[in-house]
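Listed below are the residues making up each chain.
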Amino acid sequence: MTVIEDVAGAKPDLAAAATSPSAAAKNQLSSRWASAAALVIAVLWTIPTFGLFLSSFRPERAVKTTGWWTFFGDWSVTFSNYTAVLFRGGQPLINYFVNSILITLPAVVIPIVLASVAAYAFAWMKFPFKDTLFVAVFALQIVPLQVALIPLLQIYETTGLGGTFWTVWISHSIFALPLAIFLLHNSMHEIPAELIEAARVDGAGHVRIFLQVMLPLMKPAIAAFAVFQFLWVWNDLLVALVFAGGTADVAPLTVRIAELSGTRGTDWHLLSAGAFVSIIIPLVVFLSLQRFFVRGLLAGSVKG
Amino acid sequence: MTLLDKLGQLVVAIVVFAAIIGLVLFVADRARGRRAELWQSILFLAPSALLLIVGLIWPALRTIYQSFFDRTSTNFTGVSNYLTIFTQPELLLVLRNTALWVVITPILATAIGLVYAVLVDRTRFESFAKALIFLPMAISFVGASIIWKFVYEYRPNQGNIQQIGLINQFLVWIGLEPVNLLLQQPWNNLLLIMVMIWIQAGFAMTILSAAIKAIPDDITEAARLDGCGNVRMFFSITLPSIRPALVVVLTTISIGVLKVFDIVRTMTGGQFNTSVIANEFYSQSFRINDYGIGAALAVLLFVLVVPIVVYNIRQMRKVNAR
């Protein structure tokens, strides 16, 4: 605290300190070292992706016999890796791409709708054991999904859902619910009570308040969770492998690419192109909705 | 299945789901009388409650129960599955590897993220520089594993064969023999851990950068005027100020690391002594079909995660309370 008190007295020195030549030189020097260090980390972090990205556009022979850094001596570029991995062969990646989209859409929408209804009940309705139930939902976030997989798989088998998209949709929705309810409840709770009261006075019931007052105000919170859930589902391997891994009909990109890496681990022209086919969508979503993602990130950090 | 069939399934799903939600809202809207709100809240909570009970709570209890049975879940065997985990050499190795992951990953990822956040703070290129480190967060663990497998790629050193993996090419450039990196035990664990650090450093950087920016300007200014250098500033002002955020980042990454499965599975499949609990759970449950050990590993994961999560949530409250 003494530090803060000193500020008032020291104020006039501010200009002097900032312009004193030795201080400026020292700052510049340290900032030069700092820039160098930052640059090293940035390069280390970018090079691996860059190398694979470059390789995905090099001809098969070149990829398999020379390093990607030799590209700068031999500028041959081709899209044939992408067309090969997407459309040719017994199991073209395009099918898995479609599966990924088909899996992701409902797996993002369903938990959002269910959770927003439940969150509304927790935030604005009165019912017995409300607090206990809410703590229970909150606590469910910590259950690792590994614990639920096998019994869940048995349920799907006995109900005849095994091997369909339903297994992945339902599973992802279930695993998302505790976090979604918690997040949406928090932001619904922050809405001023007067707004709800005013609507009640106007004769609106809970359903109308939910649809016409609450949902429009929830857009940012819903977007934050949607981006988070989208990346989670699109990038998921475990759930897809357990419930949809057995059949090319429903398996998503991650399952196929992990499989490719095992069976055709040396076909780097295909692996590199395949990896980027799976990366491109989340990358676009991430770059365009970054501000929502950062919000959802911290809130959802213990999920799974 | 043709594309049309798949789209058909999607449409059916949307219709069924919309019908359920529509029915819930419609019936809730009709509720009248003294107990209307009770009925409405039951209707609002019922779909989520049903899914959570059937799909999460019951399965979790069932898994705990099964962890006390043998590999086919028929004979009660007491704690023998747990004893196996803590005595069998291969499974002990799995525990050791998990410990390696949990100790190394959070510390290095947080350290790198923190240093980077401090270095680029308030520079001209800040947002671009941050995006570079943050981008791996958007990439799946599978994609990240492929990216790094390519870096580690090895070609036998004979004739005219050139290295195509960056690290081995470096070894050749400085006159060393190329190495089949992923086979080098126990160091291969570190190579897998590197992938996770690569992904999580961006997370650490984002959270910590926000915490650094939240330090009041007058504190840093006053310290500067007192002649506080950059290094001292970091250790006496920045670090203590962001302590709660630091703890949140460390614990959050630990939780993620405990459950890491995709990286190990894609890089080595758990071979060459690189398996961890989450990967071993999958192998035991779905490849070896030993449900007893599989269930016990899942429960172990659960037990390990709980204290970290509890601590994490407490710290997160502190961060948010500011």
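Residues numbered from 1 in each chain as written. Chains lettered and ligands numbered in written order. Predicted model: local features only at pLDDT ≥ 70, side-chain atom pairs only at ≥ 80, totals over all residues.

Enquirer: Explanation requested: the overall build of chain A in the structure shown.
Expert: From N to C terminus, chain A includes 16 helices and 0 strands. Here chain A holds 304 residues, and the buried ones make up 45% of them. (Helix = DSSP H or I, 4+ residues; strand = E, 2+ residues; numbered from the N terminus. Buried ≥ 20, exposed ≤ 12 C-beta atoms within 10 Å, placed from the backbone.)

Enquirer: Help me out: how do you make sense of the overall build of chain B in this one?
Expert: When you go through chain B residue by residue, the secondary structure sums to 14 helices and 0 strands. Sequence-ordered secondary structure for chain B, helices as α and strands as β, is α-α-α-α-α-α-α-α-α-α-α-α-α-α. For chain B, whose C-alpha radius of gyration is 26 Å, the value lies well above the compact-globule estimate of 20 Å for 322 residues. In terms of its C-alpha atoms, chain B occupies a principal-axis envelope of roughly 75 × 60 × 50 Å. Out of the 322 residues in chain B, the part that is buried amounts to 43%. Contacts in chain B between residues at least 24 apart in sequence constitute 67% of all its contacts with a sequence separation of at least 6. (Rg over C-alpha atoms; globule rule 2.2 N^0.38 Å. Contact = placed C-beta atoms within 7 Å.)

Enquirer: Hey, could you run me through the interface of chain A and chain B in this one?
Expert: Interface size is commonly expressed as the accessible area that is lost once the parts come together. With 83 residues of chain A at the contact, the number on the chain B side is 88 residues. Counting residues per element, the side of chain A that touches chain B draws most heavily on helix H3 (residues 21-55) of chain A, which supplies 12 residues. Broken down by class, the residue content of the side of chain A that touches chain B amounts to 60 nonpolar, 19 polar and 4 charged. (Nonpolar A, V, L, I, M, F, W, Y, C, P; charged D, E, K, R; others polar.)

Enquirer: I'm lost on unusual backbone geometry in this one. Help?
Expert: Phi is mostly negative for residues that are not glycine, and the peptide bonds are mostly trans. Residues and elements named next belong to chain B. Here the bond from Gln185 into Pro186 is cis, since omega is -5 degrees, no more than 30 degrees from zero. Within the fold, Pro186 resides in the loop between helix H7 (166-173) and helix H8 (188-213). Positive phi, close to 60 degrees, is recorded for Arg122, a residue that is not glycine. Following the sequence through the fold, Arg122 ends up in the loop between helix H4 (89-120) and helix H5 (126-134). For Phe272, which is not glycine, the phi dihedral falls at a positive 55 degrees. Since 16 C-beta atoms lie within 10 Å of it, Phe272 is described here as partly exposed.

Enquirer: When you look at helix H2 (residues 36-66) of chain B in this model, what are you seeing that I'm missing?
Expert: Along an α-helix, residues three or four apart share an orientation, since each turn contains 3.6 residues. Taking 1.5 Å of rise per residue, the 31 residues of H2(B) would be expected to cover 45 Å, and the 42 Å separating its terminal C-alpha atoms lies within 8% of that figure. By the largest-angle criterion, Ala46(B) marks the main kink of H2(B), which is about 45 degrees, and a proline, Pro47(B), follows within four residues. (Expected span 1.5 Å × (residues − 1). Bend = angle between axes of the 7 residues up to and from the residue.)

Enquirer: So what exactly am I meant to see when it comes to the domain arrangement of chain A here?
Expert: Residues and elements named next belong to chain A. Domain assignment breaks chain A into domain 1 (14-85) and domain 2 (88-299). Relative placement of domain 1 and domain 2: their C-alpha centres are 34 Å apart. For the side of domain 1 that touches domain 2, the secondary structure elements donating two or more residues are H3, helix H4 (60-65) and helix H5 (80-87). Tallying contributions element by element places H5 first for the side of domain 1 that touches domain 2, with 4 residues. Grouping the constituent residues of the side of domain 1 that touches domain 2 by class yields 6 nonpolar, 3 polar and 2 charged. (Domains from an automatic or database assignment.)

Enquirer: Teacher, can you tell me more about the packing of helix H6 (residues 141-152) of chain B against H8(B) here?
Expert: For any two helices packed against each other, one specifies the inter-axial angle together with the distance between the axes. Residues and elements named next belong to chain B. Direction vectors running N to C along H6 and H8 enclose 130 degrees, while the axes themselves pass 10 Å from each other. With respect to H8, the element H6 is oriented oblique. Crossing angle aside, the handedness with which H6 passes H8 is right-handed. Facing Ala144, Ser145, Trp148 and Tyr152 of H6, the residues of H8 in contact are Leu191, Met194, Val195, Trp198 and Ile199. The class makeup of the residues in the contact of H6 with H8 is 8 nonpolar, 1 polar and no charged. (Axes fitted to C-alpha atoms, helices over the stretch in contact; angles between N-to-C directions. Parallel < 35°, antiparallel > 145°, perpendicular 65-115°, else oblique. Left-handed = near helix turned anticlockwise from the far one by under 90°.)

Enquirer: Looking at this structure, how should I read the domain arrangement of chain B?
Expert: The domain architecture assigned to chain B consists of domain 1 (3-66) and domain 2 (80-321). Here the C-alpha centre of domain 2 of chain B lies 37 Å away from the C-alpha centre of domain 1 of chain B.

Enquirer: Which parts of the structure should I look at to understand the confidence of the model for chain B?
Expert: Low-pLDDT stretches of the model should not have their predicted coordinates read in fine detail. With 99% of its residues at a pLDDT of at least 70, chain B reaches an overall mean of 90. Overall fold confidence (pTM) sits at 0.88, and the ipTM for the predicted complex is 0.89. (pLDDT = per-residue confidence, 0-100.)

Enquirer: Any chance you could explain the confidence of the model for chain A here in plain terms?
Expert: Summarising the model, chain A shows a mean pLDDT of 84, and 86% of its residues fall at 70 or more. Predicted confidence for residues 1-20 of chain A stays below pLDDT 50, and this span has 18 contacts to residues more than four positions away or in other chains.

Enquirer: I keep staring at the environment of Gly51(A) and nothing clicks. Help me out?
Expert: With respect to the element layout, Gly51(A) can be found in helix H3. In this structure, the C-alpha to C-alpha distance between Gly51(A) and Gly67(A), residues 16 residues apart in sequence, is 8.8 Å. Setting aside anything within four residues of it in sequence, one finds Gly51(A) in contact with Trp68(A), Phe150(B), Val151(B) and Leu166(B).

Enquirer: Help me out: how do you make sense of helix H9 (residues 165-189) of chain A in this one?
Expert: All names here are of chain A. Spanning 25 residues, H9 covers 34 Å between terminal C-alpha atoms, matching the ideal 36 Å at 1.5 Å per step. Leu177 marks the point of greatest bend in H9, at about 45 degrees, and the proline Pro178 comes within the next four residues. Where burial is concerned, most of H9 is hidden: 22 out of the 25 residues are buried.

Enquirer: What exactly am I supposed to notice about the nonpolar core here?
Expert: What tends to happen in soluble globular proteins is that the nonpolar side chains get buried as a cluster. In terms of nonpolar packing, the biggest core is built from 173 residues, with Ala118(A), Val168(A), Ala180(A), Leu184(A), Phe225(A), Ala204(B) and Leu208(B) touching the most fellow members. The greatest single-element share of this core, amounting to 17 residues, is contributed by helix H6 (residues 93-124) of chain A. Excluding its chain neighbours within four sequence positions, the residues that come into contact with Ala118(A) are Ile181(A), Phe44(B), Leu45(B) and Ser48(B). (Core = buried A, V, L, I, M, F, W, Y, C linked by C-beta atoms within 7 Å.)

Enquirer: Quick question: what am I supposed to make of the environment of Leu184(A) here?
Expert: All names here are of chain A. By the element assignment, Leu184 lies in helix H9. The class for Leu184 is buried, based on 26 C-beta atoms found within 10 Å. Separated by 40 residues in the primary sequence, Leu184 and Pro144 place their C-alpha atoms 21 Å from one another. Sequence-distant contacts of Leu184, that is, excluding residues within four places in its chain, are made with Ala115, Ser116, Ala119, Met218, Ala221 and Phe225.

Enquirer: Please clarify how the environment of Asn180(B) should be interpreted in this entry.
Expert: Structurally, Asn180(B) can be placed in the loop between H7 and H8. Remark: the alpha-carbon pair of Asn180(B) and Tyr154(B), spanning 26 residues in sequence, is separated by 5.3 Å.

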